[in-house]
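# Results of the structural survey
Each chain, written out:
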Amino acid sequence: MSDQIKIDFENTVKVNNFSSEDIESKKHFLNKFIEKGFPNKKLENWKFLDLNQIIKNNIGEINFDNDYNIKNKIDSSTLINEFEHNKIISINGRIEKIDFSKEDRKNVEIYDDVKINDKSDEKNSLIDLNNAFTNKFYKIKVKKNYHLKKPLIIYHFTNDKMKSKNINLRLDFQLEENSSLRLIDYFDDTSDKNFMNIFYNFKLKNDSILKNYKIDKSLNQNLKYSFNNIDQEKNSISETFIFSAGSNYFKNEINCNLSGEYSSAFINGIFSLKNNQQHEIRSTVNHLVENTKSFQLIKSVLGKNSKAAYQGRIHVDSKAQKTDGYQLSKAILLDETSEFNAKPELEIYADDVKCSHGSTSGSIDQDAIHYLMTRGIGLSQAKKLLINGFLNEIFENIPEIKIKNFLEKIIEDQINGI
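A quick note: this is a predicted structure, and the numbers were derived from the prediction, not measured. (Residues numbered from 1 in each chain as written. Predicted model: local features only at pLDDT ≥ 70, side-chain atom pairs only at ≥ 80, totals over all residues. Heavy atoms only, no water.)

Looking at the element boundaries, Asp231 is found in strand 10 (residues 223-232). As for Asp231 and Ser218, which are separated by 13 residues in sequence, their C-alpha atoms are 31 Å apart. In this structure, Asp231 is in contact with Phe202, Lys203, Leu204 and Asn257, ignoring residues within four places of it in sequence. For Asp231, the side chain forms a polar contact with the side chain of Asn257, separated by 2.7 Å. (Helix = DSSP H or I, 4+ residues; strand = E, 2+ residues; numbered from the N terminus. Contact = heavy atoms within 4.5 Å. Polar contact = N/O pair within 3.5 Å; in protein donor to acceptor, adjacent residues only side chain to side chain.)

Taken together, the nine strands give an open sheet; going across it, the order is 3-4-6-8-10-12-14-16-18, and neighbouring strands pair in mixed fashion. The outermost strands of the open sheet, each flanked by one partner alone, are strand 3 (108-111) and strand 18 (339-348). Within the sheet, the average angular offset between the axes of one strand and its neighbour, ignoring direction, is 10°. Note: strand 16 (residues 307-316) against strand 18, ten bridges, orientation parallel. Note that in strand 18 the partner of His315 across the bridge is Glu347. (Pairing = 2+ DSSP bridges. Axes fitted to C-alpha atoms, helices over the stretch in contact; angles between N-to-C directions.)

In the contact formed by helix 2 (residues 20-36) and helix 4 (residues 125-133), the axes pass within 8 Å of each other and the chain directions differ by 145°. Here helix 2 and helix 4 pass one another in a crossing that is left-handed. On the side of helix 2, the interface is formed by Lys26, Phe29, Leu30, Lys32, Phe33 and Lys36, while helix 4 contributes Ser125, Asp128, Leu129, Asn131, Ala132 and Phe133. Of the residues in the contact of helix 2 with helix 4, the class split is six nonpolar, two polar and four charged. (Left-handed = near helix turned anticlockwise from the far one by under 90°. Nonpolar A, V, L, I, M, F, W, Y, C, P; charged D, E, K, R; others polar.)

A separate point is the pairing of strand 13 (residues 264-273). The buried fraction of strand 13 amounts to nine of the ten residues, a majority that puts the element mostly inside the structure. Bridge count between strand 11 (residues 237-244) and strand 13: eight bridges; the pairing is parallel. The residue bridging Ile237 from the neighbouring strand is Ser264, located in strand 13. By the bridge criterion, ten bridges tie strand 13 to strand 15 (residues 293-302) in an arrangement that is parallel. Note on strand 15: the bridge partner recorded for Phe271 is Ser300. (Buried < 20%, exposed > 50% of the residue type's maximum accessible area, 1.4 Å probe, protein only.)

Before going further, it helps to examine unusual backbone geometry. Of note in this structure, Asp207 is not a glycine but carries a positive phi near 65°. Here Asp207 lies in the loop between strand 8 (195-204) and strand 9 (209-216). Look at Asp207 and you get partly exposed, because its relative accessible area is 35%.

Across its 16 residues, helix 7 (residues 401-416) extends 22 Å between first and last C-alpha, which sits within 8% of the 22 Å expected from 1.5 Å per residue. Among the residues of helix 7, Ile403, Phe406, Leu407, Ile410, Ile411, Gln414 and Ile415 are the ones counted as buried. (Expected span 1.5 Å × (residues − 1).)

Our next topic: the packing of helix 5 (residues 366-374) against helix 6 (residues 379-395). Orientation of helix 5 relative to helix 6, taken along the N-to-C sense of each, is 125°, at an axis distance of 9 Å. The orientation of helix 5 with respect to helix 6, classified from their angle, is oblique. The handedness of the crossing between helix 5 and helix 6 comes out as right-handed. Facing Ala368, Ile369, Leu372 and Met373 of helix 5, the residues of helix 6 in contact are Leu379, Ala382, Lys383, Leu385 and Leu386. For the contact of helix 5 with helix 6, the class distribution of residues is eight nonpolar, no polar and one charged. (Parallel < 35°, antiparallel > 145°, perpendicular 65-115°, else oblique.)

With that settled, consider the packing of aromatic side chains. Tallied over the entire structure, the rule returns 18 aromatic pairs. Three or more aromatic residues joined by ring pairs make a cluster, and in this case those are Phe9, Phe33, Phe38, Phe64, Phe133 and Phe195. Between Arg170 and the ring centre of Phe137, over which it is positioned, the NZ or CZ distance is 4.4 Å. Here the guanidinium or amino end of Lys299 rests over the ring plane of Phe390, the centre of that ring lying 4.7 Å away. (Phe/Tyr/Trp six-rings, centres within 6.5 Å; stacked < 30°, edge-to-face > 60°. Lys NZ or Arg CZ within 6 Å of the ring centre and 35° of its normal.)

The subject of this paragraph is the sheet that holds strand 5 (residues 152-158). Taken together, ten strands build an open sheet; the order of strands is 2-1-5-7-9-11-13-15-17-19 and the sheet is mixed. Lying at the two open borders of the sheet, with one neighbouring strand each, are strand 2 (94-99) and strand 19 (353-363). Shown here is a sheet whose adjacent strand axes are inclined to one another by a mean of 10°, direction ignored. In the packing of helix 6 onto the sheet, contacts are made with strand 11, strand 13, strand 15 and strand 17 (323-333), and the angle to strand 15 comes to roughly 160°.

If you want it as C-alpha cells, here you go:
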C-alpha cells in the first residue's frame, strides 16, 4: 500500500492548490499513517471490528487520489424540507455550499484558511490519514451569547462518480461563552464501496451547548468512520445522538474531555442493523475536574447476520471528585446469526464518585409477543410494538419537537422494514 498511497498523494498535491507549508504538514501525517496503516484487531480499540480486513474484503485496493477542483451539482430534491435549517453541503468530500442565511451573520464566523495543528489523538492512524488527504477544512465559530435560531444540517452526499475511493472531511467548531448549536449530520449515498473518514473538533466555552444528531439511514455499501473530539469548559453541555443503520460498516467514536466544573456529556445511540452490516460506537468520557456528569445509553436491534459493538469508557481523574457517570447498553437479537459485543470500562482514580455501567442482550420477549397476539395483534405488528417500546427511552432525551418527530419517523420506517 505504501507505494501506491505515495503516488496518490503526489497526484492529489498536483491538482489541488496546497501551499508548500501545507504540503510539508500533509507529508508528515502521510508518513505517520503509512507507519501505522489501517487499524486491525491487534489494537484493543478495534478488537470487535477489524477495519483493515473489512476494507480488504469489501473494497480491495483503495484509491486515495481526489481532485477537489471538480465541482458537483447540488440536487435540491435530496435536501430535508421538514423544517427550516442552515446548510453545509459536502459532495464526495468537497464542500459545495455553506449557508447560514437563517442567522444573524455577524454572530457566526467562518474561516477557510485553517492550518492543521493536530494533537488530538496521536495513536489514531485514521486522523493522520484525514490530515494527509483532506482538502482545506473550515472552522465555524458561534460568537458569545448567540444561540443559532435554526439547526445546522451537514449533508454528506456521495454519488456514482466515486468507486473504491477514500473520502476525507474535517470541520472545526468553536462555541463561545453562552452560545449554542444544534447540528445534524445527514448521510445519503448513491455510491458504492468507498471509505469515508470524518473528523470533527469541538471547543465548548463556558455555558455553551452543543447538540449533535448523526443520522445514517439509507442502505449502502460504503464504509464510514467518524471521530468527534469535544473539549468542554465550565457549565458546558454536549449531547450526541447516533442513529446507525444504513452503511455496510460504520464506526462512530466520541471523545469528551470534561475540563470545566459542572460540565456534562450525554451520548445516546441506536443501532438498527440487518443484512450483514457491521457497526460500532466507541465513547470515551474523561472527567478531569470536580462536579462533572456523563450519561451514555446505547440500544441495538440486530437482524440476520448483523454485528454491532459498543465500547464505552468512563475515566475519572484523581482531581475529579463528585463525578456522576452512568453507562448502559441493551440489545435485542432478532436472529440467531446476529451478534452484539459490549465492552464497558470504568477507570476511577477518585474516591468521592458515583459511577455505574451495565450491558444486557437477548432475543425478543416471547411472552410479550404471545400476550399481544392473544389480544388480536399479528406477529409482525407485535414485534414492531415491542421494538418501538424498547427504543422509546432514547427519544425521551430529545427535547426539540421538530427534530424528535423527524427522527421518530426515520426510525418508524426502519422498524417497518424489519
